[in-house]
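# Observations on the model geometry
Letter by letter, the chains look like this.
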Amino acid sequence: MGARESQVVIWLSSAKGVFFVVCSAAGYALAMRAVSTRDDHRQPLFEVAARGLVPGAGHCWYHYPLALLLVGTMLVVRTHLVDASEPRPLMVLFMLPIMVSALVGGLGPGLLATATAAVGIKLLVLHPLYSMRFADLRDLMQWLLLIVNGVVAGMLSEFMRSALRKGESHRKLLSGIIGGTSDAVYVKDLQGRYLLVNQATAAFLDMPADQILGRTDEQLFSAPSAARMRQQDQLVMRAGRTQTSEEHLTLPDGRQALFLSTKGPLLDSAGHATGIFGISRDVTERKLAEERIEHLAHFDVLTGLPNRVQLDESARQAILKAQCEGRKLAVMFLDLDRFKDINDSLGHSIGDALLVRLARRLRLTLRAEDSVARLGGDEFIFLLHGDDVEALPRVAQKILDTVLEPFAVEQHELSVSASIGVAVYPQDGKDLETLVRCADSAMYRAKQNGRNGYCFFTSDLEAEAVRRMQIVGALRHALENRELSVHYQPQVDAHDGRIIGAEALLRWQHPTLGAVSPAEFIPAAEDSGLMLSIGEWVLRQAVRQMRTWLDQGMAPFMMAVNLSTTQFRHPDLPQLVSNILAQEQLEPQYLELELTEGTAMHDPLAAIAVMDKLHELGVRMAIDDFGIAYSSLSYLKKFKIYKLKIDQSFVRDISTDPDDRAIVAAIINLARSLGLHTIAEGVEHPAQLEYLREQGCDEIQGFYYSRPLTAGQFEAYVSERRLCAA
Ligand SMILES: Nc1nc2c(ncn2[C@@H]2O[C@H](COP(=O)(O)O[C@H]3[C@@H](O)[C@H](n4cnc5c(=O)[nH]c(N)nc54)O[C@@H]3COP(=O)(O)O)[C@@H](O)[C@H]2O)c(=O)[nH]1
């Protein structure tokens, strides 16, 4: 090699060294910049590097011998195989084992490789040429740079490895969440092909996840479902932001499902859409539950008919429509007659079954535009559209006839009747509340008229309804306010005028309402459920009074107490009577219980059973108001009764009305033939008494002898009569 050529080689070698230094410096600068920014995911290089020196922090022991092996191999190659005439030591070659060691093993092996290379180069590569000294400053520079390179490479590698590890753990965490959620998570490209799906998506589609990838909705779902999804995707892409919507889909197994889907565009770093991501939750069950709750809020659970809430809504609309069209609207209030008896005697399940069947019938009776709702219990409201008020009686009668047809419930054939009240918009009221109130008053009147009928609202009913409400409200406190008392009306032997009994009659003196007749408040007490407690109180008072009178030495007689329908039908009645007699220490033979003919005949078999029990107690029974209801003689024979009480409506005109005379005579004869006693009530005149005596009536009760008296007055009356008799 000539001198000029040697100069060129030395120049090139120097240039290579300078280039190595410049490139390394630029590389460090860039690398340090890349890792120096501290944010949530990055950590300072030295912090990471320090951890890289700690054994066991994700390192393998064999990376260290590997580093030694790699550097050793390079030393051998450099010492023996590279051309010895090479003037420069080619230290850059050692970067290869250093880099490999750092990349594979991280900081520790990287440092080991760097140190080994530095020592090896100094001792084995530079030594033969320049002894132990660095004769050439450029060699020293390269040697130092090699060391710095090695250290930095190790640190950078450690940083990369740490970042990778962290990224991997994030990825695992994310895929754990995505894989573990029951929501379908997916990513589609711009053509709608699935790029990523989680396990839930695969489960919904009943297909392995890898078979879904690359397919479109059109290939996975029914055409209508796919079209809906595609449309939704397009909306999201056009909007360019995340949107949530409901998607009705038919799944591959045929199930109709409702998904709540949140979808959004996937954007690249330049903000261009590259696809769409979505999270879809199956809300089918939740929606059904919501619908069920909504249904329960508006419809009666038992009958499925609209309830009060729904009725309010329908009525609001119906009234608005009627108002706009200048038309009428009828509200009918239907209440079953004595439905409570069915519940009490046969049990609530039978009562419920009857209501279900009744509801079905009522719905079928109506035109499509009309509706029926259940208010609760046995109360139903009809909304009937149209102007034809004249037709309403026919409709009401049709409904009544429908109710009358017997119901087959289990082994029972049940016959019920109903009472209907009718109110018409706009004349009777302009809102549902008023119309229902009017119809309720009219219905109450229908009941008073003998049930199984209908009645139209009239203004006088309103006053009655207000009065009834006042009475019921005040009656609730009558007992505790000591406003009730019991009066006693003597019952007299028709032949010798002896007092043979007293009828206990309830009286109510209210501070503002005044003296309210039992004929008015007892039906109200029955309807409002207050009669049981009031009736029990009367029974106890009468029994206690009888005990007192007997204790005072009064000649024994019968104490007659009225039983209301509710009391008589209550299953605990015999027990209650027995308890009261025992508690008040009165022998049962002094007590007579009166029940009306209507009560006894409504359910004769049940009445027989109750009468039998009362008879067993030793208590006497009498049929009150006899003659005004229809009595079956065959049942009358079976009733364990002692006497018939001839209703005062027959006694009133007995002296003038031949029909009444004939009826009274027939009742007395009937009783005699059945072995029963008779008592006539409402006797006011001697002529009435005369006729009754003639016919053989046994006992008399009426103003002719005495009005109902307080206990004190009764005592005085008894003493007076005894004195007269004496
Ligand atoms: N379940 C219960 N019913 C009861 C009770 N107390 C009374 N009643 C019933 O209320 C109705 C009205 O009773 P009242 O106003 O007390 O009238 C009674 C008598 O005062 C009346 N009477 C008696 N004699 C005459 C008469 O000569 N003339 C005339 N105009 N009225 C007269 O008759 C009623 C007695 O009726 P009855 O019970 O049928 O014998 C009435 O139906 C009572 O039954 C109670 O505690 N419980």
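Refer to the structure printed above.
Residues numbered from 1 in each chain as written. Predicted model: local features only at pLDDT ≥ 70, side-chain atom pairs only at ≥ 80, totals over all residues. Heavy atoms only, no water.

### Let's talk about the overall build of the chain
As a reminder of what qualifies: Here a helix means four or more residues in a row that DSSP labels H or I, a strand means two or more in a row labelled E, and each is numbered from the N terminus. Throughout, a residue-residue contact means that at least one pair of heavy atoms, one from each residue, lies within 4.5 Å. Areas reported here follow the Shrake-Rupley algorithm with a probe of radius 1.4 Å; residue values treat only the protein chains shown as occluding.
In terms of regular secondary structure, the chain is built from 28 helices and 21 strands. The contacts of the chain with a sequence gap of at least 6 include a subset with a gap of at least 24, amounting to 62%. Counting only carbon and sulfur atoms, one obtains 58% of the accessible surface of the chain, whose full area is about 36,800 Å².

### Focus on the nonpolar core
What counts here: Buried residues of nine kinds, namely Ala, Val, Leu, Ile, Met, Phe, Trp, Tyr and Cys, make up a nonpolar core once their side-chain atoms join them within 4.5 Å. Each residue gets one of three labels from its accessible area relative to the maximum for its type: buried under 20%, exposed over 50%, partly exposed in between, using a 1.4 Å probe on protein chains only.
Judged by nonpolar contacts, the single largest core of 82 residues is most densely connected at Tyr 488, Leu 593, Met 611, Phe 639 and Leu 692. Looking at which element gives the most residues to this core, the answer is helix H19 (residues 531–551), with nine residues. In this view, Leu 692 contacts Val 651, Ile 654, Val 664, Ile 668, Ala 680, Val 683, Cys 697 and Ile 700; residues no more than four positions away in its chain are not counted. Counting residues in hydrophobic clusters, the runner-up holds 33 residues, among them Leu 362, Leu 400, Phe 407 and Ile 420.

### Focus: the packing of aromatic side chains
Inclusion rule: Think of it this way: a Phe, Tyr or Trp ring, Trp meaning its six-membered ring, pairs with another when their centres are within 6.5 Å, and the plane angle makes it stacked under 30 degrees, edge-to-face over 60, tilted otherwise. Any Lys NZ or Arg CZ that is within 6 Å of a ring centre and within 35 degrees of that ring's normal is treated as a charge sitting over the ring.
Per the stated rule, a full pass over the model turns up 11 aromatic pairs. Taking 5.7 Å as the distance between ring centres and 50° as the angle between the ring planes, the aromatic pair formed by Phe 557 and Phe 714 counts as tilted. Taken together, the residues span a long stretch of sequence, with Phe 557 in the loop between H19 and strand S16 (558–562) and Phe 714 in helix H28 (residues 711–725) at a distance of 157 residues. The same class applies to Phe 557 and to Phe 714, which are both buried. Taken together through their ring pairs, the aromatic side chains of Tyr 488, Trp 549, Phe 557 and Phe 714 make up a single cluster. Above the face of the Tyr 444 ring, Arg 468 is positioned so that its terminal group lies 3.3 Å from the ring centre.

### As for the site of the ligand
Filter applied, for reference: What makes a residue near a molecule or strand is one non-hydrogen atom of that residue sitting within 4 Å of it. Here a polar contact is taken to be a pair of N or O atoms separated by no more than 3.5 Å, where protein atoms must pair a possible hydrogen donor with a possible acceptor and residues adjacent in sequence count only if both atoms sit in side chains.
Neighbouring residues of the ligand: 23 residues in total, closest Glu 503, Arg 507, Lys 645, Glu 681 and Glu 684. In this structure, Arg 507 approaches the ligand through a side-chain N or O atom, which is 2.8 Å from an oxygen atom. With respect to the ligand, the side chain of Glu 684 contributes an N or O atom lying 2.5 Å from a nitrogen atom. Those elements giving two or more residues to the shell around the ligand turn out to be strand S14 (499–510), helix H18 (518–527) and strand S18 (620–626). The element best represented in the shell around the ligand is S14, accounting for four residues.

### Topic: the pairing of strand S6 (residues 329–336)
Here is the rule we go by: Strand pairing is assigned whenever DSSP detects at least two bridges linking the two strands.
Here S6 lies mainly inside the structure; eight of its eight residues are buried. Both faces of S6 are covered, namely the face carrying Leu 329, Val 331, Phe 333 and Asp 335 and the face carrying Ala 330, Met 332, Leu 334 and Leu 336. Of the strand pairs in this sheet, S6 and strand S11 (residues 418–425) are connected by eight bridges, and their pairing is antiparallel. Residue pairing in the sheet places Asp 335 in a bridge with Ser 419 of S11.

### Focus: the sheet that holds S6
The following threshold applies: Note on definitions: angles span 0 to 180 degrees between N-to-C directions of axes, and those axes are lines fitted to C-alpha atoms, for helices only across the stretch in contact.
As summarised here, the arrangement of the five strands in space is S7-S8-S6-S11-S12, forming an open sheet in which the pairing is mixed. Only two strands of the sheet have a single neighbouring strand rather than two, namely strand S7 (371–376) and strand S12 (454–456). Geometrically, the sheet is characterised by an average inter-axis angle of 20° between neighbouring strands, direction not taken into account. Pairing analysis gives three bridges linking S11 to S12, with the strands arranged parallel. In the strand pairing of S12, Gly 421 is matched with Cys 455. Sheet contacts for helix H14 (residues 348–365): S6, S7 and strand S8 (379–385); angle to S8, the most-contacted strand, approximately 5°. Its contacts with the sheet put helix H16 (residues 432–448) on S6, S7, S8, S11 and S12, and the angle it makes with S11 is roughly 145°.

### Side note on the packing of H14 against helix H15 (residues 392–404)
The test is simple: Oblique is the label for any angle not covered by the other classes, which are roughly parallel (under 35 degrees), roughly antiparallel (over 145) and roughly perpendicular (65 to 115). The handedness criterion is simple: a crossing whose near helix is rotated anticlockwise from the far helix by less than a right angle is left-handed, and one whose near helix is rotated clockwise is right-handed. Each residue is assigned to one class: nonpolar for Ala, Val, Leu, Ile, Met, Phe, Trp, Tyr, Cys and Pro, charged for Asp, Glu, Lys and Arg, and polar for all the others, Gly among them.
At a closest axis distance of 10 Å, the pairing of H14 and H15 adopts a crossing angle of 150°. By the angle between their directions, the pair H14 and H15 is classed as roughly antiparallel. Viewed along their axes, H14 and H15 form a crossing whose handedness is right-handed. Across from Leu 358, Arg 361, Leu 362 and Thr 365 in H14, the residues of H15 making contact are Lys 398, Ile 399, Thr 402 and Val 403. Residues of the contact of H14 with H15, tallied by class, amount to four nonpolar, two polar and two charged.

### What to know about the pattern of salt bridges
Put simply, the test is: Salt bridge criterion: a side-chain nitrogen from Lys or Arg within 4 Å of a carboxyl oxygen from Asp or Glu.
A full pass over the atoms with the stated rule returns 35 salt bridges. Residues Glu 464 and Arg 445 are paired through a salt bridge, measuring 2.1 Å at the closest nitrogen-oxygen approach. Pair noted here: Glu 464 is in helix H17 (residues 459–475) and Arg 445 is in helix H16, with a separation of 19 residues, a long-range link. Of the residues examined, Glu 464 reaches a relative accessible area of 29% and is grouped as partly exposed. Residue Arg 445 is classed as partly exposed on the basis of its relative accessible area of 21%. When the shortest N-O distance is used, the salt bridge between Asp 493 and Arg 498 registers 3.5 Å. Taking the relative accessible area as the measure of exposure, Asp 493 reaches 15% and is therefore buried. Exposure remark for Arg 498: the relative accessible area of 47% places this residue in the partly exposed category. Each of Lys 188, Asp 217, Asp 233, Glu 247 and Lys 263 takes part in a single network of salt bridges with overlapping partners.

### So, the packing of H19 against helix H21 (residues 573–584)
In the contact formed by H19 and H21, the axes pass within 10 Å of each other and the chain directions differ by 35°. Once H19 is placed against H21, the crossing between them reads as right-handed. For the pair H19 and H21, the contacting residues are Glu 536, Leu 539, Arg 540, Val 543, Arg 544 and Arg 547 in the first and Leu 576, Val 577, Ile 580, Leu 581, Gln 583 and Glu 584 in the second. Classifying every residue of the contact of H19 with H21 by side-chain character gives six nonpolar, one polar and five charged.

### A few points about the side chain of Gln 701
Note on placement: Gln 701 falls in strand S21 (residues 699–701). In this structure the side chain of Gln 701 is engaged in a polar contact, spanning 2.5 Å, whose partner is the side chain of Glu 503. Apart from the residues lying within four places of it in its own chain, the contact partners of Gln 701 are Gln 489, Pro 490, Gln 491, Glu 503, Lys 645, Ile 679, Ala 680, Glu 681, Gly 682 and Val 683.

### Some thoughts on the pairing of strand S19 (residues 643–646)
Covered by surrounding structure in S19 are Lys 643 and Lys 645 together with Leu 644 and Ile 646, the residues of both alternating faces. In the sheet, S19 pairs with strand S20 (residues 677–681) via four bridges, with the strands oriented parallel. Within S20, the position partnered with Leu 644 by the bridge is Thr 678.

### What about unusual backbone geometry?
Residue Pro 426 is bonded to the preceding Tyr 425 through a cis peptide linkage, with omega at 5°. Among the secondary structure elements, Pro 426 is positioned in the loop between S11 and H16. The phi torsion at Gln 585 lies on the positive side, around 55°, for a residue other than glycine. Its location among the elements puts Gln 585 in the loop between H21 and strand S17 (591–596). Judged by relative accessible area, which is 59%, Gln 585 ranks as exposed.

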